[in-house]
Amino acid sequence: DFSGQGAFLHTGIIPDLLLVGGGVVTATPLLLFSAAARRIPLFRLGMLQYIAPTIQFLLGIMVYHEPFALNKLIGFILVWLALLIFALEGLLVSGGLRR
């Protein structure tokens, strides 16, 4: 029923506990990520931020067969090409690619 009221404290103890539990389940990974993010360099954290969306993108195409136009492929390639250039430049500046 759509009465315009929230469900919390209006539908019973089980839904209330599930709502609170859902908050804990949502907040815990975010707090763990926040704690871990402080322990690694920002460069690495920035690169890691591209992994989850890329996995979701690949799952959408390969598993769920979502439509995928050429313009999306071009955008995807350009983003990863820019990241590759950025990473290589960082390695060159830091001396990571010296012979």
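Everything discussed here concerns the structure shown above.
Residues numbered from 1 in each chain as written. Predicted model: local features only at pLDDT ≥ 70, side-chain atom pairs only at ≥ 80, totals over all residues. Heavy atoms only, no water.

Draft legend 1. Quick peek at the overall build of the chain. Check the secondary structure of the chain and you find 4 helices and 0 strands. For the chain, the sequential pattern of α-helices and β-strands runs α-α-α-α. Radius of gyration (C-alpha) of the chain: 21 Å, far over the 13 Å computed for a compact globule of 99 residues. Principal axes of the C-alpha set define a box for the chain whose edges measure 65 × 40 × 25 Å. Counting over 99 residues, the chain shows a buried share of 8%. (Helix = DSSP H or I, 4+ residues; strand = E, 2+ residues; numbered from the N terminus. Rg over C-alpha atoms; globule rule 2.2 N^0.38 Å. Buried < 20%, exposed > 50% of the residue type's maximum accessible area, 1.4 Å probe, protein only.)

Draft legend 2. Here's a closer look at unusual backbone geometry. The backbone of Leu9 shows a phi angle near 65°, a positive value even though the residue is not glycine. Looking at the element boundaries, Leu9 is found in the segment before helix H1 (13-37). Positive phi values are uncommon outside glycine, yet His65 reaches one of about 55°. As for its placement among the helices and strands, His65 is situated in the loop between helix H3 (51-62) and helix H4 (70-94).

Draft legend 3. Local environment of the packing of aromatic side chains. For the structure shown, the criterion picks out 3 aromatic pairs. Where Tyr50 meets Trp80, the ring centres are 6.2 Å apart and the plane angle is 65°; that geometry is what we call edge-to-face. Here the residue Tyr50 occupies a position in the loop between helix H2 (42-48) and H3, and Trp80 occupies one in helix H4, the gap between them amounting to 30 residues. By relative accessible area, Tyr50 is classed as partly exposed at 37%. In this structure an aromatic cluster arises from ring pairing among Phe57, Phe68 and Phe76. (Phe/Tyr/Trp six-rings, centres within 6.5 Å; stacked < 30°, edge-to-face > 60°.)

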